[in-house]
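A closer look at the structure
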Amino acid sequence: MVKSITENPYGAFSTEDYSVFVVMLSISAGIGIYFGFFQGKKNQTTEDYLLGGRKMKIFPIAVSLIASQLSGVSIMSVPAEMYSYGAQYWIIAPTMFAIVLIINYIFVPVFYNNQITNCYQYLEDRFSPAVKKFVTFTYVLNIYLILPIFIFIPSLAFAQVTGTNVHVINGIVCCVCVFYTMLGGIKAVVWTDVVQGLIMFASCFLVVAVGVYKIGGFAEVFARAAAGNRLEIFDMTFDASTRQTFWTASIGNVFLWTGYLGLNQSCVQRMVAVPSVRHARSALWIFCVGFIVITSLNCFTGIVIYAKYFDCDPIKVGLVGKADKLLPFFVQDVVGNLKGMPGVFISCVFSAGLSTMSANLNSLAGIIYEDYIRPFNLFKHSDATANNTMKGLILVSGMYCIVMGLVVEQFGHILQMVVTIASVTQGAVMGIFCLGMLWPWANKHGALWGSAVSVIGMSWIIAGAQFAIKSGQLSYPPKPTSVEGCSEYGFNVTQPQHSSFFTPEEESDGFSIYNISFVWYSTVGTFLVFLVGIPVSYLTGSQDLNKVQAKLFSPVVHWLLPETVRRGELSVKPEEDKPDQIKEWIYTPVEDYKLQDLHTVNEHTL
């Protein structure tokens, strides 16, 4: 008797599963209705709509960061990465400690000291409006390229387990996301993230637990994974063309994720929504722990999937179209006979996608309004008109994501595609902020030319790499899989005796910049900013350090500034014509405890 490779036939999505999915969407919509209508009076100002009045609590913000950063792309593609290429990607988990440390002590103090709400406003204060406009444009372009992917991937999972048309479900869920993001602003986004984050963790944990049990325990899972060479983590190869090594996954991801988390408006918007630097740092450390747990769980899911199909690859027998669809297939297999569990999993994937999409829609609307609509004075600005305009922008962006689903459907490996698209501008953004905060002599000319060369250079490198992939000159072949056990399931598949896999270095006579791993793109882009920005700043007249404000630089480089500039957090500026009189009082908040000291200052004596 021929065994079935899956315990749950394709499309057997029960009433209970649909019910769980509908409940998840209803909760998200309900939160939007609550903050949009019942808490409407507390959401009337633009600051309330975008920042929650700067009174958000630490834990919800931390969970919101976790949920929004671990998108449906992560939930679906990270297990596929582990199944296809092994455990090297997991290095990103412990690396997050270094990333959060950098963000907490280099970037966060600068944002708070300058009362930044739009992180790109810093670039105008530090350099010039032209620099801000250029980087803001790259951010908007980048988000519009990536945003459709975040919500389409969960729709792909839903289609895999139900047979529903992927574009129909993509449209429905996009509408729900737009609805609650429009109505409730940042408060609705954060609290839906909390609910969705809990769903995400619970469902991932349950699916993995049942999978390990059915395979035969942890020992059997690791034994099969080791036999298939899926547990290699410390590949110390010094080769930039290798897809994933220890150095790629650690150093490369530090540049990628530091820029993505610490210098992305949707993340900065959450960091400054809490009352103080201390609260922001605490939220980021909680995020760090949560990220490590969820990422490790996602990585282990990929190992469990490989252990389940170690002798019969579902891709080779045609049951799964590509690796990014393996997880929903695995869920059908291991928990498909448990009513409601596939629905919980689909809710998990959609929760991740919704949280990322809503976070980016909210921040994107604020950026476009402030930088591209308000300066033209098309109508009288007020909190009401600003909020309504941003709601309109969210609606238009949501419709765009639905239409672009037709394009995303044609993509290959999703994780690689997302990182590649983001890296066109991610390195330039990371580089220009680091140049501004860490190199006091940099001027506006160096910043503008450095970021422009970075974007152009990375576009050239990435375009060349994509052409090489398309022409077959560059490939990142997955690790071998077996079909030896497929006959047990009724599949007649022959395992090739000789592997046709090849690596870039085997096909090339020498090193080519197009062959570098896509994980290095952000690192290269960052260094291009410094390699161009520092010399150009020098040639065009370095920034006069006696005419700068210490608060525009990270505390770690204050020792480079003249003593008169770095003296204290309180500075007094005299009028030019009356040096002995005070023109203004400038206060830079740094830590809560320092606030108490300021109350002792007698302003009347000043």
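Being a predicted model, the structure only gives us computed values, none of them experimental. (Residues numbered from 1 in each chain as written. Predicted model: local features only at pLDDT ≥ 70, side-chain atom pairs only at ≥ 80, totals over all residues. Heavy atoms only, no water.)

1. A short note on the confidence of the model for the protein chain
Spelled out, the test is: A residue's pLDDT is simply how confident the predictor is in it, with values from 0 to 100. Secondary structure elements are taken from DSSP: a helix is a run of H or I of four residues or more, a strand is a run of E of two residues or more, and numbering for both begins at the N terminus. The contact rule is simple, with two residues in contact once any of their heavy atoms fall within 4.5 Å.
A residue-level look at the protein chain finds 79% of positions with pLDDT of 70 or above and a mean pLDDT of 76. When mean pLDDT is taken per element in the protein chain, helix α19 (residues 521–539) scores highest with 93 and strand β2 (residues 582–587) scores lowest with 30. A low-confidence stretch, residues 569–606 stays under pLDDT 50, and its non-local contacts, those more than four residues away or across chains, total 43 contacts.

2. Some details on the pattern of salt bridges
For side chains of opposite charge, pairing can occur when their charged atoms come near one another. Rules: In the sections that follow, a salt bridge refers to a side-chain nitrogen of Lys or Arg positioned within 4 Å of a carboxyl oxygen of Asp or Glu. Relative accessibility decides the category of a residue: with a 1.4 Å probe and only protein chains considered, values under 20% of the type maximum give buried, values over 50% give exposed, and everything between is partly exposed.
Applying the stated criterion across every chain, the model contains 4 salt bridges. A salt bridge links Asp-371 to Lys-132; the nearest nitrogen and oxygen atoms lie 3.3 Å apart. Of this pair, Asp-371 sits in helix α14 (residues 341–373) while Lys-132 sits in helix α7 (residues 129–162); the two residues are 239 residues apart in sequence, bridging distant segments of the chain. In this pair, the class of Asp-371 matches that of Lys-132, namely buried. Between Glu-370 and Arg-374 there is a salt bridge, with its nearest N and O atoms 3.5 Å apart. On the basis of relative accessibility, which here comes to 30%, the residue Glu-370 falls in the partly exposed class. Several salt bridges converge on common partners, so that one network encompasses Glu-124, Lys-132 and Asp-371.

3. Digging into the environment of Ile-534
Here Ile-534 is to be found in helix α19. Taking relative accessible area as the criterion, Ile-534 reaches 26% and is therefore assigned partly exposed. A sequence separation of 92 residues divides Ile-534 from Ala-442, and the C-alpha atoms of the two residues are 6.2 Å apart. Beyond its immediate chain neighbours, meaning those up to four positions away, Ile-534 contacts Leu-435, Trp-439 and Val-529.

4. A short note on the packing of helix α5 (residues 92–113) against helix α12 (residues 277–308)
Note the following rule: Axes, fitted as lines to C-alpha atoms, cover a helix only where it is in contact. Angles between the N-to-C directions of the axes lie from 0 to 180 degrees. Working definition: roughly parallel below 35 degrees, roughly antiparallel above 145 degrees, roughly perpendicular at 65 to 115 degrees, and oblique for all remaining angles. Left-handed describes a crossing whose near helix is turned anticlockwise from the far helix through less than a right angle; right-handed describes the clockwise counterpart. Charged means Asp, Glu, Lys or Arg here, nonpolar means Ala, Val, Leu, Ile, Met, Phe, Trp, Tyr, Cys or Pro, and polar covers whatever is left, Gly included.
One way to put it is that α5 packs onto α12 with a least axis distance of 10 Å and a crossing angle of 160 degrees. As judged from the angle between their axes, α5 and α12 are roughly antiparallel. Like other packed secondary-structure pairs, α5 and α12 cross with a definite hand, here right-handed. Every residue of α12 that contacts α5 at Ile-92, Ala-93, Met-96, Phe-97, Val-100, Leu-101, Ile-103, Asn-104, Tyr-105, Val-108, Pro-109 and Tyr-112 is listed here: Val-277, Ala-280, Arg-281, Leu-284, Trp-285, Phe-287, Cys-288, Phe-291, Ile-292, Thr-295 and Ser-296. For the contact of α5 with α12, the class distribution of residues is 19 nonpolar, 3 polar and 1 charged.

5. Overview of empty space enclosed by the protein
Let me state the cut-off plainly: Put simply, the grid is 1 Å and covers the protein atoms alone, a cavity is a trapped set of points that fit a 1.4 Å probe, a pocket is an open set with protein on both sides within 12 Å along at least five of seven lines, and lining residues have an atom within 4 Å of a point. Grid points are joined across faces, edges and corners, and a volume is the space filled by probe spheres set on the points.
Applying the stated rule across the entire model yields 6 cavities of 30 Å³ or more. Counted as a void, the second largest cavity has a volume near 140 Å³. Lining the second largest cavity we find 15 residues, and of these Tyr-120, Tyr-139, Asn-142, Asn-264 and Gln-426 sit closest to its centre. Within the residue set of the lining of the second largest cavity, elements represented by two or more residues are α7, α10 (246–262) and α16 (414–438). Considering every element that reaches the lining of the second largest cavity, the biggest residue donor is α7, with 6 residues.

6. With respect to α5
Rules: Residue count minus one, scaled by 1.5 Å, sets the expected span of a helix. We define the bend at each residue as the angle formed by axes fitted to the 7 residues ending at it and the 7 residues starting at it.
The end-to-end C-alpha separation of α5 is 30 Å, in line with the 32 Å expected for 22 residues at 1.5 Å each. The sharpest bend along α5 measures roughly 35 degrees and falls at Phe-107, with the proline Pro-109 sitting one to four residues further on. Among the 22 residues of α5, 16 are classified as buried, and the element is accordingly described as predominantly covered. Gln-115 lies just past α5 and shows a positive phi near 55 degrees.

7. With respect to unusual backbone geometry
Despite not being glycine, Asn-229 shows a phi value in the positive range, around 60 degrees. Topologically, Asn-229 is positioned in the loop between α9 (218–227) and α10.

8. A few points about the packing of aromatic side chains
Rules: Note on ring pairs: Phe, Tyr and Trp rings are taken, using the six-membered ring of Trp, and paired if centres are within 6.5 Å. Classes follow the plane angle, with under 30 degrees stacked, over 60 edge-to-face and the rest tilted.
Counting across every chain of the model gives 15 aromatic pairs. Arranged with centres 5.7 Å apart and planes meeting at 50 degrees, the rings of Tyr-309 and Phe-329 form a pair that is tilted. Residue Tyr-309 is found in the loop between α12 and α13 (326–335), and its partner Phe-329 is found in helix α13; the two are separated by 20 residues along the sequence. Of the two residues, Tyr-309 and Phe-329, neither departs from the other in class, the shared state being buried. Members of the aromatic cluster, joined through ring pairs, are Phe-111, Tyr-120, Tyr-122, Tyr-139 and Phe-433.

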